[in-house]
Amino acid sequence: MLSTTLRTLRTRWVNFVGSFVALSLGVALIAVMGLALASSLDAPDRGAERFAAAPVVVKGQDTIKVLTSIGDRTQKLAQPRAVPDDVAVKLRDLGTVVEDRSFAVRAEGGPADLVGHPWSTAAFAPYHLDAGRAPEAVDEVVVSGDWARPGTRVRTDGGTVRVVGTVAGLGFENAVFYTDTRAAELSPRSLQLVVDADAAAVREAVRGSGGVQVLTGDARRYADADPDRDSEALTAMNAMFGTAGGVTGFVSVFVVASTFAFAVAQRRREFGLLRTAGATPGQIRRMVVYEALAVGVLASAVGCVLGSYGAPKLAEWAVDESLAPRWFTIGGYTWPYHMAFWTGLFVALCGVLAASWRAGRTGPTEALREASVDTRPMTWGRWLFGVALLITAAVTLTVALVTNPGDLLQRKTYVSRPMLLITAVALLAPVLVRPLARLIAWLPAQLPGAGGMLVRENAATGVRRSAAVAAPVLVTVALAGSLLGATATLNEAKATEVRDQTAADFVVTPAGNAGFDKATLQRLRAVSGAEVSASSSSAVYVLEDGVALIRSDARAVEPEPLAATARLPLAAGKVGDLDDDSIIVNEEWEKHTVGERVDVWLGDGTRKSLKIAAVMTIGTGNNGVYVTPRNAPAAFVDRVDVRRADGADAGTVATGLRQAVRASGGEVLTRDAWVRATYPETNRTTRMGFLLAFGIALLYTGISLANTMVMATSDRVRELAVLRLAGATRWQVLRLVGVEALTVVMVGGLLGALVAGLNLVGMWSALGLLSVWTSIEIPWATLAAALGACAALAVISAVVPAGLSLRRRAVELAGTPE
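Treat the numbers as computed from the prediction; the structure is a model and nothing was measured.

(A) Here's a closer look at empty space enclosed by the protein. One pass over the structure, following the stated rule, counts 5 cavities of 30 Å³ or more. Volume-wise, the second largest cavity comes out at about 50 Å³. Y414, R417, P418, S482, A486, N759, L760 and M763 together form the lining of the second largest cavity. Where the lining of the second largest cavity is concerned, the elements lending two or more residues are α11 (411-427), α15 (463-501) and α22 (730-769). Residue classes in the lining of the second largest cavity are distributed as 5 nonpolar, 2 polar and 1 charged.

This is the structure we're talking about:
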């Protein structure tokens, strides 16, 4: 059988090209992702950036630590505490103390991520002047990079400034340096100090200060903005490649299994001859397995080589796109290659198991068959697994909707759940192809001529061929619709929540990140005809099940103005019952009964017992909690909701609001404009992961379509010759082949759209159970592009080999053996 296998590979190499290419790419991607994962696990600790040259940095308490039965649980504070005044006095006795401040800056023509600092902190990075001088007046700044030169006047959200100097950028930020006085005005709170003194003396001075940190050496990096961003970026990157890897494994097995199944169906006469010659079913099965083994070994080896070249390129791309830290490179690891190689071989063998069993069941009489009509395209095994997976998908969805509908909104769920339904529908595709093909080709079949009728009958009777072509299209369309549609639907649901909960006519937001000052708030409250509700962003922390310290976003607001400008989705209680001794929670909390008391930690780490005044529905998970301003210490007002009083003119109120914020800067938006401006967007890394997965699926679909169409067309040479002998011209035959391919692609597209629709209906139902009624968002443009690409590739892959074969005389083709 081994010699027979080698001869089969040599003579039927066209049948194995698609599987070889699909496996090679799959192994290459697995090797690339394995190398990326291994390189990220040994990531170096990032050193200090802004304070690399600082002697000692003293930082106020910025975390909350709670002791539980299984160890400490820690969370970042929403309102970190400043260094206590009495400690700052002691530090000034030890040496020079410089207050650090960081705040976002928006400037015309400048980078989007500009951040402001006092000039006195520039020396700690250190920054050095390239041109010009240090700032001396309140309207003078020094900038990093080359986006502005000395003498340039720049409009910012804090007023117009003049650039008087530039420093070379250090790569970790785009900085704007003000005078220390002006920086203190723009960002009044200073959370950390740089102290020029002996570290031991500094530690002695802060002893017993409760949470104050003394940072030296590499620990100074914790004084930088977002010191954990490298680990967070690596986690997001690994999740992105994990999604792509999961899709790669799923689609590669799918494509290989589909290709081998179709190849076995085409070779039934060959297997019948072997059985007639005395081959046993076991020998036939071993031959098919040996073929897959040979293809798997070669493809896996090629894939490992491709992975070694592709991994560094992918790492460079991830760094350029800011999806990975700047230092990220691929290390010299070997275990990812072993994992990729053996996974590829395993995929090849898994993909051929069902096909080998079917091949072994071929009887000697199959050698005598001439008809190409598929009489039994569905085996009992295919029926069993298809129906079982379909029932499993329905049951798991029903259970999730009944027990925990919020789980269906989680990324891991709406990424993995479609795979089950896709596999079920793909297994049952031969049952669905025939009626769908007849439906799609019904109108063309009514037209004059035999072309439409032949298209309908060829697509409907060649079920295995049609199912093999439709299956990869089904996968691509279903994945695109399910993944991209899920994120779009979830984003629309979040926007719907915001729209429904906002009863204000206007929303006013500050220009900077320091919030509104008291004078501006007084002017806003004084606007005639305006009911003003000022609120602050904060957080509360609660220990659930005795082991999990959960952070919930909170808004601090006065209850009466909140009731006038918001429509909270309350399940119990009243907004008016909120006071300094209470809290409004949502049903996601372990304790959510009105009147019950719950122990929480406030945004600055203060522990407090609060009574539950009202309970909101869970929604999409963004409802958070509400407290009064007294329970959000140090939180600045970052949003003002305004409702017109009865009879007040909207234009007059809007003009008054704009005048009130003119001095300090701010933006006045109508409710609809504010909802549009804050419309949620999918995380960039998640979006890139989905696009990568979609691209992989589309690539595999292209490989499978090309391979299947070439195999199918080469197997129909005699059929095409008979059409020529019956009087059809060469162009009529090619048009027939192209339209037939297009029809089958449309069948796959309809099945894929059905799967995507069912998945999105499941998410929509979960949102409804969570009291969020929104529309289902379908990515029509993406689906149309995917279907168009599949159609073009299928038509080309069918017409080109048919055209080449038709260059020979029809009489010669009619005598060509199969």
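Now that the structure has been shown, we can carry on.
(B) Quick look at a nonpolar patch on the surface. Together, W380, W383, V387, I391, V395, V399, V431 and L432 make up an exposed nonpolar region whose accessible area comes to about 730 Å². Secondary-structure elements contributing two or more residues to the nonpolar patch are α10 (380-403) and α12 (429-440). Take the nonpolar patch: its biggest share by element is 6 residues, from α10. Of note, W380 is situated in helix α10.

(C) Layout of helix α5 (residues 199-206). For α5, every residue scored as buried is listed here: A199, V202, A205 and V206. Relative to the axis of α5, the buried residues are bounded by an arc of 120° and lie together on one face. On the buried face of α5, the contacting elements are β1 (56-59), α3 (85-94), β12 (192-196) and β13 (213-215). Two or three places before A200, at the opening of α5, D198 has a side-chain oxygen 3.1 Å from that residue's backbone nitrogen. One or two residues past the end of α5 sits G208, with phi positive at roughly 80°.

(D) The arrangement of the pairing of strand β10 (residues 159-167) in detail. The pairing of strand β7 (residues 129-132) with β10 spans 3 bridges and is classified as antiparallel. Paired with L129 across the strands is V167, a residue of β10. The pairing of strand β8 (residues 140-144) with β10 spans 5 bridges and is classified as parallel. Note that in β10 the partner of V141 across the bridge is V163. Where strand β9 (residues 153-156) lies against β10, 4 bridges are found, and the strand directions are antiparallel. Note on β10: the bridge partner recorded for R153 is R162. Linking β9 to β10, which pair antiparallel, is a turn of 2 residues.

(E) How the structure looks around the layout of surface pockets. Here the second largest pocket defines a volume of roughly 1100 Å³. Lining of the second largest pocket is provided by 44 residues; of these, R555, N622, N623, G624 and Y626 occupy positions nearest its centre. Put simply, the parts of the chain that give the lining of the second largest pocket at least two residues each are α15, β15 (530-544), β16 (548-557), α17 (559-565), β21 (625-627), β22 (637-644) and α19 (671-677). At 8 residues, β16 tops the list of elements feeding residues into the lining of the second largest pocket.

(F) Representation of the packing of α12 against α22 in the model. Relative orientation of the contacting elements α12 and α22 amounts to 120°, with a least axis distance of 9 Å. By the criterion of interaxial angle, the relationship of α12 to α22 is oblique. Our pair here, α12 against α22, has a crossing hand that is right-handed. In this structure, α12 contributes A429, L432, V433, L436, A437 and I440 to the contact, and α22 contributes T743, M746, V747, L750 and L751. Each residue belonging to the contact of α12 with α22 can be placed in one class, and the counts come to 10 nonpolar, 1 polar and no charged.

(G) Main features of the environment of A197. In this fold, A197 is placed in the loop between β12 and α5. Residue classification places A197 among the buried residues on the basis of a relative accessible area of 16%. Sequence-wise, A197 and G95 are 102 residues apart; in three dimensions their C-alpha atoms are separated by 5.3 Å. Once you skip the residues sitting within four places of it in the chain, A197 turns out to touch V56, L94, G95 and V202.

(H) Region of the structure containing the packing of aromatic side chains. Scanning the entire structure with this criterion turns up 6 aromatic pairs. The interplanar angle of 45° and the centroid separation of 5.7 Å between the aromatic rings of F103 and Y178 together place this pair among those described as tilted. Of this pair, F103 sits in strand β5 (residues 103-104) while Y178 is found in strand β11 (residues 174-178), placing the two residues 75 residues apart along the sequence. Accessibility classification places F103 together with Y178 in one group, the buried group. Taking the centre distance of 5.6 Å and the plane angle of 85° together, the rings of W119 and F177 count as edge-to-face. Of the two residues, W119 is situated in the loop between β6 (114-118) and β7 and F177 in strand β11; the sequence distance between them amounts to 58 residues. Overall, F177 belongs to the buried group, its relative accessible area being 1%.

(I) Examining the environment of G485 more closely. With respect to the element layout, G485 can be found in helix α15. Considered as a pair, G485 and L760 are 275 residues apart in the sequence and their alpha carbons are 7.0 Å apart. Not counting residues within four places of it along the chain, the set of residues in contact with G485 comprises A480, L760, E777 and P779.

(J) Quick peek at the pattern of salt bridges. Within this structure, the stated rule accounts for 19 salt bridges. Between R101 and E99 there is a salt bridge, with the nearest N and O atoms lying 2.4 Å from each other. E99 sits in the partly exposed class, given a relative accessible area of 30%. Linking E140 and R133 is a salt bridge whose minimum nitrogen-to-oxygen distance equals 2.8 Å. Residue E140 is classed as buried on the basis of its relative accessible area of 5%. R133 sits in the partly exposed class, given a relative accessible area of 32%. A network of salt bridges, in which partner residues are shared, links R133, E136, E140 and R162.

Here is what the cut-offs are and how they apply
- Residues numbered from 1 in each chain as written.
- Predicted model: local features only at pLDDT ≥ 70, side-chain atom pairs only at ≥ 80, totals over all residues.
- Heavy atoms only, no water.
- 1 Å grid on protein atoms, 1.4 Å probe; cavity = no way out; pocket = protein on both sides within 12 Å on 5 of 7 lines; lining within 4 Å.
- Points joined across faces, edges and corners; volume = space filled by probe spheres on them.
- Helix = DSSP H or I, 4+ residues; strand = E, 2+ residues; numbered from the N terminus.
- Nonpolar A, V, L, I, M, F, W, Y, C, P; charged D, E, K, R; others polar.
- Patch = residues over 30% accessible without salt bridge, like charges linked within 9 Å, V, L, I, M, F, W, Y side chains within 5 Å.
- Areas by Shrake-Rupley, 256 points an atom, 1.4 Å probe, with all protein chains shown as cover.
- Salt bridge = Lys/Arg side-chain N within 4 Å of Asp/Glu carboxyl O.
- Buried < 20%, exposed > 50% of the residue type's maximum accessible area, 1.4 Å probe, protein only.
- Arc of directions from axis to C-beta.
- Contact = heavy atoms within 4.5 Å.
- Polar contact = N/O pair within 3.5 Å; in protein donor to acceptor, adjacent residues only side chain to side chain.
- Pairing = 2+ DSSP bridges.
- Axes fitted to C-alpha atoms, helices over the stretch in contact; angles between N-to-C directions.
- Parallel < 35°, antiparallel > 145°, perpendicular 65-115°, else oblique.
- Left-handed = near helix turned anticlockwise from the far one by under 90°.
- Phe/Tyr/Trp six-rings, centres within 6.5 Å; stacked < 30°, edge-to-face > 60°.

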